[in-house]
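So you can see what is in the structure, the chains are spelled out below.
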Amino acid sequence: MTITNGTTSSEVGEMVTILSIDGGAIKGIIPDTILAFLEGQLQYIIKMVVVIGKILLHRMLSAPNPNKMNRPFYAASDIVGFYFDHGPKIFSPVLMENLGETRLHQTLTNVIIPSFDINNLLPTIFFKLIAKSPYLDAKMSDICISTSAAPNVFPPYFFENDDGTGNMHQFNMIDGAVASDNPALIALSTVTKRAAKLDPSFAKIKPLDVKRILLLSLGTGAANYEGKYKANEVAKWGAKEWLKQGYATPIVDIMSAASHAMIDDFTSTIYHALDDGNNYLRVQEPALTGSTTLMDDASEANMNKLVQVGENLLKKPVSKENPETNEEALKRMSAETE
């Protein structure tokens, strides 16, 4: 299953597979490099059942290709090239052109896409199983722009959508990272609570029934923040220092690092407590340096560095406690989806 950040999907057997992908703008090249490898194991990422995530290009893994029946708009192996071709222009004009009139219900898999509505100060979760919420069946282009509207970088995004009765529902959206930069727990919650109520094929999946949920969580890399902020220096800051413009904002650095770490810890604890640690895999580079820490450096040199980060990450161990490499773990998990 892809939550996005997964098959067409409503045939859920004994196991639900979730592909969860973090936000990270141009750093999305890192998980895309991992996905290209994974696609080689699965033939098509679309074979997975549920996809949740924030990276806008990952929506093209689930959007239908008008020229190839039951195939995604892009294969995972094509997306890194898309970054190189359109890096600095990747947002609305490109999305509008490529996604066109495609709506959420037309995706090839059960996507779940988090965003945040500043009008009611609540997260908005767009997901395919929208039988009871037709107003969420928006254009994929609108959804993608909404979940990518990072404060201080892009303006909030407004759009309207018919609620199914002729009334227009208004959306005032900003970046999905406000809801969760790492959407893995959103995935678990949606699959075990909301999806089961809307689709009978999910009925077997009970809360915390992680024996039936294979969860792959892909990060976009985290900077090595050790030593960056010291209390005696930060104590002298005012609002201006905390809220510098752009992606490199201290408050964003700190909150993002905390969110990533805690969500991974919570998710891992759930799986290990229920003796199903092998059903959860977090693939994340924890020590980015230099230009690779920036979410808006779309220079060819930096994008090449990000590809290298992803390729190197495949060869690294899963954790200090688990010497299995990420590549070996991905092959093992791929075999479980067969």
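Residues numbered from 1 in each chain as written. Predicted model: local features only at pLDDT ≥ 70, side-chain atom pairs only at ≥ 80, totals over all residues. Heavy atoms only, no water.

Enquirer: Help me understand the packing of aromatic side chains, please; the structure alone is not making it clear to me.
Expert: The geometry of an aromatic ring pair is captured by the separation of the ring centres together with the interplanar angle, meaning the angle of the planes. Counting across every chain of the model gives 7 aromatic pairs. Consider the rings of phenylalanine 159 and phenylalanine 171, whose centres lie 4.5 Å apart with planes at 5°: the pair is stacked. One end of the pair, phenylalanine 159, is in strand 8 (residues 157–162); the other, phenylalanine 171, is in strand 9 (residues 168–174), with 12 residues separating them in the sequence. For the pair phenylalanine 159 and phenylalanine 171, one class covers both residues: buried. Relative to tryptophan 237, the ring of tyrosine 229 has its centre 5.9 Å away and its plane inclined at 90°; by these criteria the two rings are edge-to-face. By relative accessible area, tryptophan 237 is classed as partly exposed at 25%. Taken together, the ring pairs in this structure connect Phe126, Tyr135, Tyr157, Phe159 and Phe171 into an aromatic cluster. (Phe/Tyr/Trp six-rings, centres within 6.5 Å; stacked < 30°, edge-to-face > 60°. Helix = DSSP H or I, 4+ residues; strand = E, 2+ residues; numbered from the N terminus. Buried < 20%, exposed > 50% of the residue type's maximum accessible area, 1.4 Å probe, protein only.)

Enquirer: What is the right way to read the confidence of the model for the protein chain from this model?
Expert: In low-pLDDT segments, the atomic positions of the prediction should not be examined closely. Here the protein chain averages 78 in pLDDT, and 75% of its residues register 70 or above. Here residues 1–12 scores under 50 on pLDDT; set against residues more than four positions off or in separate chains, the count is 78 contacts. (pLDDT = per-residue confidence, 0-100. Contact = heavy atoms within 4.5 Å.)

Enquirer: Help me out: how do you make sense of the pairing of strand 8 in this one?
Expert: The alternating pattern of strand 8 places Tyr157, Phe159 and Asn161 on a buried face, while none of Phe158, Glu160 and Asp162, on the opposite face, is buried. In the sheet, strand 8 pairs with strand 9 via 6 bridges, with the strands oriented antiparallel. For aspartate 162, the partnering residue across the bridge sits in strand 9 and is methionine 168. Once strand 8 ends, the chain turns through 5 residues before running back antiparallel as strand 9, passing glycine 164 with a positive phi of about 100°. (Pairing = 2+ DSSP bridges.)

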